[in-house]
Amino acid sequence: MTWTEAVVVSHSPATPDIAVIDLAPATGDEFPAYTAGAHIDVLITPNLVRQYSLCGPPEQGRYRLAVLNEPASRGGSRAMHALKVGDHLRISAPRNHFPLVTARRHLLFAGGIGITPLLAMARQLEREGGDYALHYCARSRARAAFVKELAGNPRVALHFDDGDPRQQLDLARDLGDPQPDTAVYVCGPDGFMDHVLGKAEALGWPPQSLHKERFGTAPEPTASGDSFTVRLASTGAEYLVPDDRSVLDVLLENGVDAPYSCRQGICGTCVVRVLAGHPDHRDEVLTNEEHAEGLFTTCSSRSLSPTLKLDVIPRRDRP
Ligand code: FES
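Model, not experiment: these values are computed from the prediction. Residue indices begin from 1 for each chain and proceed along its sequence in written order. Where totals are concerned, whole chains, interfaces and linings use all residues; where local detail is concerned, this predicted model gives features only for residues with pLDDT of at least 70, and gives and counts side-chain atom pairs only at 80 or more. Computation of side-chain values covers all heavy atoms of the structure but excludes hydrogens and water.

**Quick look at the overall build of the chain**
- When its secondary structure is counted, the chain shows seven helices and 18 strands.
- We call two residues in contact whenever any of their non-hydrogen atoms come within 4.5 Å of each other. For the chain, restricting intrachain contacts to residue pairs at least 6 apart in sequence, the fraction spanning at least 24 positions comes to 62%.
- Residue burial considers only the protein chains on display, and all accessible areas are found by Shrake-Rupley using a 1.4 Å probe. Total accessible area on the chain is roughly 15200 Å²; 49% of this is exposed by carbon and sulfur atoms.
- Where the 32 positive side-chain charges of the chain centre and where its 40 negative ones centre are 3 Å apart. A run of DSSP states H or I qualifies as a helix once it reaches four residues; a run of E qualifies as a strand once it reaches two. Both are numbered from the N-terminal end. His residues and chain termini do not enter the charge count, which takes Lys and Arg as positive and Asp and Glu as negative. One atom stands in for each charge, and that atom is NZ of Lys, CZ of Arg, CG of Asp or CD of Glu.

**Some remarks on unusual backbone geometry**
- Even without being glycine, Phe-146 reaches a positive phi, approximately 65 degrees.
- Each residue gets one of three labels from its accessible area relative to the maximum for its type: buried under 20%, exposed over 50%, partly exposed in between, using a 1.4 Å probe on protein chains only. Taking the relative accessible area as the measure of exposure, Phe-146 reaches 11% and is therefore buried.
- In this structure, Asp-181 is a non-glycine residue whose phi angle is positive, near 55 degrees.
- Tracing the chain through its elements places Asp-181 in the loop between α4 (171–174) and β10 (182–188).

**A word on helix α2 (residues 115–128)**
- A helix is expected to span 1.5 Å multiplied by its residue count minus one. The end-to-end C-alpha separation of α2 is 19 Å, in line with the 20 Å expected for 14 residues at 1.5 Å each.
- In terms of residue burial, α2 counts as a mostly covered element, since 11 of its 14 residues are buried.
- When α2 is considered as a whole, its buried residues turn out to be Ile-115, Thr-116, Pro-117, Leu-118, Leu-119, Ala-120, Met-121, Ala-122, Arg-123, Gln-124 and Leu-125.
- Taken from the residues just after α2, Gly-129 is the one with a positive phi, measuring 75 degrees.

**Re the domain arrangement of the chain**
- Domain start and end points were adopted from an automatic or database domain assignment. Annotation of the chain at the domain level lists domain 1 (4–91), domain 2 (105–214) and domain 3 (228–317).
- Centre-to-centre separation of domain 1 and domain 2, based on C-alpha positions: 24 Å.
- On the side of domain 2, 15 residues touch domain 1, which itself brings 17 residues to the contact.
- Between domain 1 and domain 2, roughly 1300 Å² of surface is buried when both sides are summed, and carbon and sulfur atoms account for 63% of that area.
- Among the residues of domain 1 in contact with domain 2, Ala-36, Ser-53 and Cys-55 are the three that bury the most area, contributing 31% of the side total.
- One speaks of a salt bridge when a side-chain nitrogen belonging to Lys or Arg is within 4 Å of a carboxyl oxygen belonging to Asp or Glu. Linking domain 1 to domain 2 there are one salt bridge.
- Identification of polar contacts relies on pairs of N or O atoms within 3.5 Å, with a donor-acceptor requirement for protein atoms, meaning one able to donate a hydrogen and the other able to accept it, and with residues adjacent in sequence counted only if both atoms are side-chain atoms. Counting every contact that joins domain 1 to domain 2 gives five residue pairs in polar contact (both at pLDDT 80 or more).
- Counting residues per element, the side of domain 1 that touches domain 2 draws most heavily on strand β5 (residues 63–68), which supplies three residues. The term buried area refers to how much accessible surface (probe radius 1.4 Å) is lost by two components on association, counted for both of them together.

**Topic: the nonpolar core**
- Counting 32 residues, the largest nonpolar core has Leu-108, Leu-118, Leu-134, Tyr-136 and Phe-146 as the members making the most contacts within it.
- At seven residues, α2 tops the list of elements feeding residues into this core.
- Two domains each provide a minimum of three residues to this core, namely domain 1 (4–91) and domain 2 (105–214).
- Apart from residues lying up to four places away in sequence, Tyr-136 is in contact with Ala-110, Gly-112, Ile-115, Ala-144, Ala-145, Val-147, Leu-150, Ala-157, Leu-158 and His-159. Among the buried residues, those of types Ala, Val, Leu, Ile, Met, Phe, Trp, Tyr and Cys that are joined through side-chain atoms within 4.5 Å form a nonpolar core.

Have a look at this one:
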């Protein structure tokens with residue numbers, strides 16, 4: 001991972017528990033451009049990396065993040081909230097696993113802080129004259145970021161848990177039956193994602209129409225009896241992956257130069273290729289098609305077969 005030095009140029013509360021943070025290059029160089037749906041990695045501590053969606057458009061040359069202060073977090077969101085204007089931090093170049101796809105119409109469903117990538121998408125579609133609708137669900141108006149700029153936009157529907165029942169999300173109405181050439185995007189906490197995706201499936205939406213980004217937590221270690229062996233195609237070396245360790249843990253412990261970032265199955269940095277065996281995919285970043293091509297996240301996924309043969313591209317050899 002190549003890190004870039006950034007400086008905090010603005011840090012303000014959007015709600016009591018969401019901070020909007022603008023970053024600029026610390027060196028005078030320009031940040032790389034990004035597309036709607038992209039995120040950056042932020043190096044919180046040498047061992048803690050967190051992903052945040054870019055929710056611009058920021059002023060020229062800036063990245064804008066919105067960070068929820070989560071009491072259950074492992075320190076990432078607290079550290080981000082404690083930043084002050086002028087503080088420096090290290091960030092990655094933007095990556096986009098959740099891009100807008102080519103479609104006649106786009107339906108965006110945001111739950112809570114999941115608004116961040118969808119806000120960037122709505123802005124891009126607005127700029128380009130795209131046909132879209134954004135449904136933004138939050139516990140209350142006071143807990144929802146960016147409401148001022150979204151309210152009044154006829155393409156945006158705000159749904160608050162504590163509001164009039166008539167304004168609450170009704171997927172039979174707000175998503176409806178599958179429509180041709182229509183892409184559905186969903187981002188938010190697990191419960192929200194499961195609700196929207198489950199209902200979409202029940203309504204008959206085909207999986208290829210559904211695009212998701214989950215703000216996940218690290219997968220739990222697997223049940224006991226779930227150990228397996230990984231064999232590296234490059235060296236033939238074999239390593240046992242016990243039930244309480246990830247493939248990535250085992251590779252790193254054995255000195256393999258395996259790439260990684262989030263360790264949560266959501267960023268895609270650790271992806272390798274399965275050459276033999278039956279993987280048990282537990283990531284939130286790869287599509288079904290990518291799984292079918294043999295792509296596999298070492299930080300979160302496991303094996304259904306006793307052995308998995310993997311093609312790991314060392315960090316130093318990655319493009
Ligand atoms: S390190 Fe991010 S998906 Fe594995």
